[in-house]
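Chains, contacts and geometry: an overview
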Protein chains: 2
Amino acid sequence: MAIALDAMGSDHYPEPEIQGALMAAEALGIEVILVGDQSRLEPRLSVLNTRNLPVSVEHAPDVLEMADKPVEAARLKPRNSMAVGLELVKKGTAEAFVSAGNTGGVMFNALRVLGRIPGVARPALTAMFPVRGGHCVVLDIGANADCRPEFLLQFAIMGSVYAEKVLHKPQPRVGLLSNGEEPGKGNQLVKETYPLLVKSGLNFIGNVEGKEVFNGEADVVVTDGFTGNIMLKSSEAVAKLITDVLREALMASWRTKLGALLAKPAFNHIRKLLDPSEVGAAPLLGIDGLVFVGHGRSDARAIMNALRVAHEAIQANLLVNIRDALKEKLSNLETSTPENS
Amino acid sequence: MAIALDAMGSDHYPEPEIQGALMAAEALGIEVILVGDQSRLEPRLSVLNTRNLPVSVEHAPDVLEMADKPVEAARLKPRNSMAVGLELVKKGTAEAFVSAGNTGGVMFNALRVLGRIPGVARPALTAMFPVRGGHCVVLDIGANADCRPEFLLQFAIMGSVYAEKVLHKPQPRVGLLSNGEEPGKGNQLVKETYPLLVKSGLNFIGNVEGKEVFNGEADVVVTDGFTGNIMLKSSEAVAKLITDVLREALMASWRTKLGALLAKPAFNHIRKLLDPSEVGAAPLLGIDGLVFVGHGRSDARAIMNALRVAHEAIQANLLVNIRDALKEKLSNLETSTPENS
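As named in an unreviewed UniProt entry, chain A is Phosphate acyltransferase, taken from Thermanaerothrix daxensis. In UniProt, chain A has this text filed under Function (unreviewed entry): "Catalyzes the reversible formation of acyl-phosphate (acyl-PO(4)) from acyl-[acyl-carrier-protein] (acyl-ACP). This enzyme utilizes acyl-ACP as fatty acyl donor, but not acyl-CoA." Per UniProt, the comment on chain A under Subcellular location (unreviewed entry) is "Cytoplasm".

The computed volume of the second largest pocket comes to approximately 320 Å³. Of all the elements in the fold, those that place two or more residues in the lining of the second largest pocket are α7 (188-198) and α9 (225-250) of chain A together with α9 (225-250) of chain B. Broken down by element, the lining of the second largest pocket gets its largest block of residues, three residues, from α7 of chain A. Each residue belonging to the lining of the second largest pocket can be placed in one class, and the counts come to nine nonpolar, five polar and five charged.

With 51 residues of chain B at the interface, the matching set in chain A holds 51 residues. Where chain B packs against chain A, one counts four salt bridges. Lys233 of chain B is the partner of Glu209 of chain A in a salt bridge, and the nearest nitrogen-oxygen pair spans 2.1 Å. Between chain B and chain A we count 10 residue pairs in polar contact (both at pLDDT 80 or more) in total. With 19 residues, the single largest contributor to the side of chain B that touches chain A is α9 of chain B. Grouping the amino acids of the side of chain B that touches chain A by side-chain chemistry returns 29 nonpolar, 13 polar and nine charged.

Attention shifts here to helix α1 (residues 15-28) of chain B. Residue and element names in this part refer to chain B. Between its first and last C-alpha, α1 extends 19 Å over 14 residues, near the 20 Å set by a 1.5 Å rise per residue. Buried within α1 are the following residues: Pro16, Glu17, Ile18, Gly20, Ala21, Leu22, Ala24 and Ala25. Looking at the buried residues of α1, the elements they touch are β1 (2-6), β2 (31-36), α2 (38-48), β3 (55-59) and α12 (300-315). Positive backbone phi, at 65°, marks Gly29, one or two positions downstream of α1.

Residue and element names in this part refer to chain A. Packing of helix α4 (residues 81-91) against helix α5 (residues 103-113) leaves a shortest axis separation of 9 Å and a crossing angle of 40°. As far as their axial angle goes, α5 and α4 are oblique. α4 and α5 meet at a crossing whose hand is right-handed. When α4 is examined against α5, the residues Met82, Ala83, Leu86, Glu87 and Lys90 are found in contact with a partner set consisting of Gly105, Val106, Asn109, Ala110 and Val113. Taken together, the residues of the contact of α4 with α5 sort by class into six nonpolar, two polar and two charged.

What follows covers the sheet that holds strand β8 (residues 203-208) of chain A. Residues and elements named next belong to chain A. A sheet is described by the order of its strands in space; here 11 strands give the open sequence β3-β2-β1-β4-β11-β10-β5-β6-β9-β7-β8, paired in mixed fashion. Of all strands in the sheet, those bounded by a partner on one side alone are β3 (55-59) and β8. Averaged over neighbouring strand pairs, the angle between their axes works out to 30° when direction is ignored. Packed onto the sheet, helix α2 (residues 38-48) meets β2 (31-36) and β3 and runs at close to 165° relative to β3. Each of β4 (96-99), β5 (124-131), β10 (281-285) and β11 (290-294) is contacted by α5, which is oriented at about 170° to β11, the strand it contacts most.

On to the sheet that holds strand β8 (residues 203-208) of chain B. Residues and elements named next belong to chain B. Across the sheet, which stays open at both edges, the 11 strands sit in the order β3-β2-β1-β4-β11-β10-β5-β6-β9-β7-β8 with mixed pairing between neighbours. Taken across any chain shown, the strands that pair with only one partner, and hence form the sheet edges, are β3 and β8. Adjacent strand axes in the sheet meet at a mean angle of 30° when their direction is disregarded. Alignment of strand β5 (residues 124-131) against strand β10 (residues 281-285), held across two bridges, turns out to be antiparallel. Within β10, the residue paired with Ala124 across the bridge is Leu285. Together, β1, β2 and β3 form the strand contacts of α1, whose direction differs from that of β2 by roughly 170°. Seen against the sheet, α12 touches β1, β2, β4 (96-99), β10 and β11 (290-294) and runs at an angle of roughly 140° to β1.

On to the relation of the copies chain B and chain A. Under the fitted operation, chain B is carried onto chain A by 0.0 Å of movement along the axis and a turn of 180°, and the coordinates agree to an RMSD of 0.0 Å. Taken together, the rotation angle and the small translation identify this as a two-fold axis. Residue Gly259 of chain B, judged by its C-alpha, is the member of chain B lying nearest the rotation axis, at 1.9 Å. Comparing interface residues between copies, 100% of those in chain B also lie at the interface in chain A; the contact surface is shared.

As a further point, take the confidence of the model for chain A. Residues at a pLDDT of 70 or more form 98% of chain A, whose mean pLDDT is 93. Scored below 50 in pLDDT, residues 337-341 of chain A shows two contacts in the model against residues more than four places distant or in partner chains.

The next point concerns the domain arrangement of chain A. Residues and elements named next belong to chain A. Taken domain by domain, chain A comprises domain 1 (1-120 + 286-317) and domain 2 (128-276). The straight-line distance from the C-alpha centre of domain 1 to that of domain 2 is 26 Å. Contacts between domain 1 and domain 2 engage 12 residues on the former and nine residues on the latter. Summing the contributions of domain 1 and of domain 2, the shared interface buries around 750 Å²; its carbon and sulfur component is 63%. When the buried area of domain 1 at its contact with domain 2 is split by residue, Val120, His295 and Ala316 rank highest and sum to 37% of it. Summed over the shared surface of domain 1 and domain 2, the number is two residue pairs in polar contact (both at pLDDT 80 or more).

Now for the packing of aromatic side chains. Residues and elements named next belong to chain B. One pass over the full model with this rule turns up seven aromatic pairs over all chains. Between Tyr162 and Phe292, the aromatic rings sit 6.3 Å apart at their centres with planes inclined by 45°, giving tilted as the arrangement. Of this pair, Tyr162 sits in helix α6 (residues 149-165) while Phe292 sits in strand β11; the two residues are 130 residues apart in sequence, bridging distant segments of the chain. Both residues of the pair, Tyr162 and Phe292, belong to the buried class.

What counts, and at which threshold
Residues numbered from 1 in each chain as written. Chains lettered and ligands numbered in written order. Predicted model: local features only at pLDDT ≥ 70, side-chain atom pairs only at ≥ 80, totals over all residues. Heavy atoms only, no water. UniProt positions renumbered as here; feature names shortened; annotations may be inferred. 1 Å grid on protein atoms, 1.4 Å probe; cavity = no way out; pocket = protein on both sides within 12 Å on 5 of 7 lines; lining within 4 Å. Points joined across faces, edges and corners; volume = space filled by probe spheres on them. Helix = DSSP H or I, 4+ residues; strand = E, 2+ residues; numbered from the N terminus. Nonpolar A, V, L, I, M, F, W, Y, C, P; charged D, E, K, R; others polar. Contact = heavy atoms within 4.5 Å. Salt bridge = Lys/Arg side-chain N within 4 Å of Asp/Glu carboxyl O. Polar contact = N/O pair within 3.5 Å; in protein donor to acceptor, adjacent residues only side chain to side chain. Expected span 1.5 Å × (residues − 1). Buried < 20%, exposed > 50% of the residue type's maximum accessible area, 1.4 Å probe, protein only. Axes fitted to C-alpha atoms, helices over the stretch in contact; angles between N-to-C directions. Parallel < 35°, antiparallel > 145°, perpendicular 65-115°, else oblique. Left-handed = near helix turned anticlockwise from the far one by under 90°. Pairing = 2+ DSSP bridges. Least-squares fit on C-alpha atoms with pLDDT ≥ 70 in both. pLDDT = per-residue confidence, 0-100. Domains from an automatic or database assignment. Buried area = accessible area lost by both parts, 1.4 Å probe. Phe/Tyr/Trp six-rings, centres within 6.5 Å; stacked < 30°, edge-to-face > 60°.

What follows is the structure, given as structure tokens:
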């Protein structure tokens, strides 16, 4: 069982990828194929991999950079490390692909190389939101700015399978992001999605607002890619504002500096809560293959965690479970709709 | 110049309202008409108002509570304090209305009693977001879940006038909330609104994301009421999660407790940043009268600040300025559209 890792993805590629791959191979016994520029990867790997861990290199001459426009870049650089890595999954040489690179680039290449799971209207980007007591799977966070109710239903089914099989949450609680908890609240999309989720057979807990999400009351939250992206970016920005202002205020006097020193364990708590490297990576759901995207700022530990998550998805047979759940829930819905409406 | 204050609005009514009214009358020379249950207000006022400040009572027998459904409640309780207070504005007895009550209730009553400014398609709820270096006016944050591009254009015009005339920001920077800064990013609504804002004659700075908003790079941010509400509630929830987790972690040991004590001035900084009572209240824009809504948790100081803001809006001739700006910008747009397209 091998995982293809984009060696040219993170902001500081390829060092975090090389180190993270070796850590995952050593600690978790994962076989990793580093995909990227051979001339940069092999010399470094031969110095570091003194214990001959199962980490190999697959050459990809091109790099899709963070600032690149995904569609153009993928066209101009067909042998970029994402495309080459995804082809390893297509061929069955690898069972999953992991990248800490340009999310739009991964999505575009994944759609082109692996395509969608049959029956899936739109694949979704997911994010693991830090919430009280753990994490919450939120989707879509940016792949589909305009959605239809059926898309959100599919997101809910896929997110629920992911939460159950990979995050080991039995009967995941699925919430629909809205501007009010009461049924009937929401924009047109939410109002039309609500009855589909009620009939879906999922553990649908109704509409949720920010309060419920960050209080850890849902395991999966579905929304359109525009709203999800706004929620993600706003949350990150608020967290940054608060921690920045606090840091500056703590540095303002000797008294507060001393206080900060003593209170350090508490601040570490916050840092850990907000640290994306704890999560590693989030899946692209709806792609016909296991594809995970990590944060651009990933360090070696984040890469190792990303590989761990991909490994768990392989072991959980995620793709088969998603295919089966889509088939079952969507056919249930088709047969139940005429009776209930 | 008198301001009608809903005396039965805040979570702990009428005490914060009575105290806040007296503070505003004393410190700012504002004449306040407390609107609410005479039998509760007058005895309390006669005890407290020993200096005979210009604070009077207008009787309203009903209360529209926080948990009430606005439309039903307004129908069942036609003499609620909001309706009575807004009628004072309608009659010219008061020049503005302030409430810390049920926002939907204020909006519903305001639409019924005062109506819309001629030409305004939809009035908007606004919120003052705490951002780096001050506050940002965000609208709509919940009145209109589904919007059309023209609504957002009107929000932008009204928000810009408010930022300029009441918050004293020359040439307010107007941003369009989107899932990406580049022009062309966004959902259908954003893509269609963008060119209207370009041609509006406003100081339009383009699409903004959470990062720009909380970094204080825009004075006014426009969005539909669904997305705005999600951003508002998520931001509040993230701030609460971080401060709660930090507080709990600080209480975990003697060392961190001592640290917290020494670092208290820094924590006060954060508290002040997130404290809605600093802002007082936010306007309903598009209503044909000056109407302000404060936070349900308002204390006396928050009520005083709400009255101060309303007072500034009166002095700035906000309503006339909004009417003029709408007339000017919208007619500009009509004449410029054929040439530019």
